[in-house]
Amino acid sequence: MSAMDHGLLSAGLLHDETYRRLCRARDRLAAEYQAKLSLEHAAREACLSPFHFHRLFTSAFGETPHDFVTRRRMDHAKRLLAAGESVTEVCFEVGYSSLGSFSHKFHMLAGRSPSEYRREVRKVFGYRIPWHIVFLPMCYFGHFAGLE
């Protein structure tokens, strides 16, 4: 449990049972991030209305359910790109149906296109596949590429 989560519970802002239901819904979102799981389904998992679920999820975890799922997708995309998969394969694997939408969102969150990201990872780690590269923060690559 993070400090923010603990702070919300100790401040009495979230009832223990409500927090457990939110965590259950977050776990379902995390497990099914590649699918098009709707806000209504996630809210139903937490036994809340979609409006209250969105509001409580955001206050409990510091990000909206959509931002949470997007972050999970992009983290998985980074691992797949680092392993040498093509941008198109990665796009569909993480749940996007449009290569343009995927590339745009990836660029917004990672600061570079998926192809550039894959090239930078290869510069650092080489071309040998199948390396199973652990996700590293972008600041790490920026430091070694002289981007800082």
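Structure: see above.
Residues numbered from 1 in each chain as written. Predicted model: local features only at pLDDT ≥ 70, side-chain atom pairs only at ≥ 80, totals over all residues. Heavy atoms only, no water.

Asks: Please set out the overall build of the chain residue by residue, giving values where relevant.
Replies: Within the chain one finds nine helices and zero strands. Starting at the N terminus and ending at the C terminus, the chain contains elements arranged as α-α-α-α-α-α-α-α-α. For the chain, the proportion of its 148 residues judged to be buried stands at 37%. Carbon and sulfur atoms make up 57% of the accessible area of the chain, which amounts to about 8,700 Å² in all. (Helix = DSSP H or I, 4+ residues; strand = E, 2+ residues; numbered from the N terminus. Buried < 20%, exposed > 50% of the residue type's maximum accessible area, 1.4 Å probe, protein only. Areas by Shrake-Rupley, 256 points an atom, 1.4 Å probe, with all protein chains shown as cover.)

Asks: Could you give an account of the nonpolar core, naming the residues involved and the relevant values?
Replies: In terms of nonpolar packing, the biggest core is built from 18 residues, with L22, L29, L48, F53, F57, F61 and F68 touching the most fellow members. Elements with a contribution of two residues or more to this core: α2 (16-31), α3 (39-45), α4 (50-61) and α5 (65-82). Among the elements that line this core, the one with the most residues is α2, at six residues. With residues up to four places along the chain from it excluded, the contact list for F68 reads R26, L29, A30, F57 and E63. Core analysis: the second largest hydrophobic core is formed by 15 residues, M74, A82, F106 and A110 among them. (Core = buried A, V, L, I, M, F, W, Y, C linked by side-chain atoms within 4.5 Å. Contact = heavy atoms within 4.5 Å.)

Asks: Give a description of the packing of α2 against α4 that names residues and reports values.
Replies: A pair of packed helices is characterised by two quantities: the angle between their axes and the separation of those axes. Contact geometry of α2 with α4 gives a least axis separation of 11 Å together with a crossing angle of 90°. When the axes of α2 and α4 are compared, the pair comes out roughly perpendicular. On α4, the residues touching T18, Y19, L22, C23, A25, R26 and L29 of α2 are F53, L56, F57, A60 and F61. In terms of residue class, the contact of α2 with α4 is made up of ten nonpolar, one polar and one charged. (Axes fitted to C-alpha atoms, helices over the stretch in contact; angles between N-to-C directions. Parallel < 35°, antiparallel > 145°, perpendicular 65-115°, else oblique. Nonpolar A, V, L, I, M, F, W, Y, C, P; charged D, E, K, R; others polar.)

Asks: Break down the pattern of salt bridges for me, citing the residues and quoting the values.
Replies: Pairing is possible between side chains of opposite charge, provided their charged atoms come close. Applying the stated rule across the entire model yields six salt bridges. Taking the shortest distance from any N to any O, the salt bridge between R28 and E45 comes out at 3.2 Å. Here E45 lies in helix α3 and R28 lies in helix α2, a separation of 17 residues in the sequence. The exposure class of R28 is partly exposed, given its relative accessible area of 27%. Classification of E45 by relative accessible area gives partly exposed; the value is 23%. Here E120 ties to R112 by a salt bridge, and the two come within 2.9 Å at their closest N and O atoms. A residue is classified by how much of its surface remains accessible, and R112, at 10% relative accessible area, is buried. In the salt-bridge network here, residues are joined through shared partners; they are R24, R28, E32 and E45. (Salt bridge = Lys/Arg side-chain N within 4 Å of Asp/Glu carboxyl O.)

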